[in-house]
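Coordinate analysis (summary)
In case you want the letters, here they are:
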Amino acid sequence: MNMKNHHQILIVGGGNAGISVAAQLLKKDHNLDIGIVDPAENHYYQPAWTLVGGGAFDIHKTVRKEADCIPEKATWIQDEVHSFSPEENSLKCITGRTISYDYLVVAPGIQLDWDKVKGLKEGLGTQGICSNYTYQSAPYTWKTLSELGSGRAIFTNPNTPIKCGGAPQKIMYLAADYLRKNGFLASSQVHFYSGGGVIFGVKKYADVLNKVIERYQIQTHFNHNLVEIDAGSKTAVFETKNPAGEIIKVEQGFDMIHVTPPQSAPDFIKNSPLAVADNPLGWVDLNKDTMQHNRYPNIFGCGDAGSTPNAKTGAAIRKQAPVLVDNLLALLQGRKPAQVYNGYGSCPLVTGYGKLVLAEFDYNNEPMETFPFNQAKERYSMWLLKTKVLPWLYWNKILKGTA
């Protein structure tokens, strides 16, 4: 293990955001001294786990060794952060080691709060209780779906922000399409229970998704938040409000349930001076334009743990990282950070096998499209982008700092 205890730039998190930022910084200046703190042995391409759950992607192609993803000139510190001391420009790891820095980049990703749904952790991977949100559990979604036949399939979406806001729906559309192709849809029930109030925040894409829901005869239940699963009786319990505004509980039986767990910033961020004050989800307190911390000028943040009000997606990281890199280097060179992130996010919405709507939008939920055609339309070409182009781009370009 490298025991150097000071780095010019220290990055917390060796996922998409942390490695992209490190690689881009080193492209601009290969003499920078960069340390990356991350305990993980493996690095995952998580966007493909939806496809794994639908039987359309090999899970083994979504993992590589973390050591192989760290940029050559960066130092990997295989440890976990315990606490931050921003006044002292240092952090402490769980091993007791203290590391100081000139500049800090906080990019730890998002935390999956399995414990917030009673019975979920214990029941996951049994009795038709599925989730595409881990490498271990995604293949069970496909196993359950492929053995389902006719039945009641429930798909949940929590009332917290989540990584890839469209993911809870994507697996639902794949499942419904699978049931349709195999002649089971008419004798099945597909339900979407969401803690949110709408199918999608951008009207242009919501309109097409509502047609997809109609096509598959999916029953939607908004403002229903999953709070408990009983694996024994195969029952899900949701909280919602009655017309009088009182919180009530609703029970629903299932043959298959795909759960998107509630999510928040990692606990070591939540409980630190870096978090937004009085926010129970504990996001890193960032300027939404510059990606600089609102209270500590030599600290920046990137990715899903940030307080920036964009969709938490890999595509957002791709636009945040260059802004952060330029602004950090400006500060390092005595200039004022001038680059601005416009809130860009993208959600490749899989609506069936061979069908995809590429939603792209900014902070104001206004479409911000890349291609010269109407992207609010299901297309096979966009399915190929999701299944073939983007995974290749991720491993070969994004993590190398060249895309």
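The coordinates are above.
Given the structure is predicted, the values throughout are model-derived calculations rather than measurements.

Calculation rules
- Residues numbered from 1 in each chain as written.
- Predicted model: local features only at pLDDT ≥ 70, side-chain atom pairs only at ≥ 80, totals over all residues.
- Heavy atoms only, no water.
- Helix = DSSP H or I, 4+ residues; strand = E, 2+ residues; numbered from the N terminus.
- Buried < 20%, exposed > 50% of the residue type's maximum accessible area, 1.4 Å probe, protein only.
- Contact = heavy atoms within 4.5 Å.
- Pairing = 2+ DSSP bridges.
- Axes fitted to C-alpha atoms, helices over the stretch in contact; angles between N-to-C directions.
- Salt bridge = Lys/Arg side-chain N within 4 Å of Asp/Glu carboxyl O.

**Focus on the environment of Leu324**
- In this structure, Leu324 sits in helix 9 (residues 314-332).
- Residue Leu324 is classed as buried on the basis of its relative accessible area of 0%.
- For the pair formed by Leu324 and Val21, sequence separation is 303 residues and the distance between their alpha carbons is 7.7 Å.
- Residues contacting Leu324, with those up to four places away along its chain left out, are Val21, Val105, Met291, Phe300, Gly301 and Cys302.

**Some remarks on the pairing of strand 8 (residues 98-106)**
- Bridge count between strand 1 (residues 6-12) and strand 8: six bridges; the pairing is parallel. Bridging across to strand 8, His7 finds its partner in Tyr101.
- When strand 7 (residues 90-93) meets strand 8, the two strands line up antiparallel, connected through three bridges. What sits directly across from Ser90, in strand 8, is Ser100.
- The hairpin turn running from strand 7 into strand 8, its antiparallel successor, is four residues long, and Gly96 in that turn takes a positive phi close to 95°.

**Observations regarding the sheet that holds strand 14 (residues 225-230)**
- With antiparallel pairing, the three strands of this open sheet are ordered in space as 14-15-16. Two strands bound the open sheet, and with one partner strand each, they are strand 14 and strand 16 (247-253). Going from strand to strand, the sheet's axes swing by 25° on average, the running direction of each strand aside.
- Pairing of strand 14 with strand 15 (residues 235-241) involves five bridges; the strand directions are antiparallel. Within strand 15, the residue paired with Leu226 across the bridge is Phe238.

**Considerations on the pattern of salt bridges**
- Per the stated rule, a full pass over the model turns up 12 salt bridges.
- Lys143 is the partner of Glu147 in a salt bridge, and the nearest nitrogen-oxygen pair spans 3.4 Å.
- We classify Glu147 as exposed; its relative accessible area is 56%.
- Note that Arg295 and Asp285 form a salt bridge whose closest N and O atoms lie 3.3 Å from each other.

**Overview of the side chain of Asn310**
- Within the secondary structure layout, Asn310 lies in the loop between strand 19 (299-301) and helix 9.
- The exposure class assigned to Asn310 is buried, which follows from its relative accessible area of 12%.

**As for the sheet that holds strand 11 (residues 152-157)**
- Spatial ordering of the open sheet is given by 10-17-11-12-13, a layout of five strands whose pairing is parallel. Both edges of this open sheet fall to strand 10 (129-130) and strand 13 (219-221), since each of them pairs with a single strand only.
- Examined bridge by bridge, strand 12 (residues 189-194) and strand 13 share three bridges and lie parallel to one another. Residue pairing across strands places His191 opposite Gln219, the latter belonging to strand 13.

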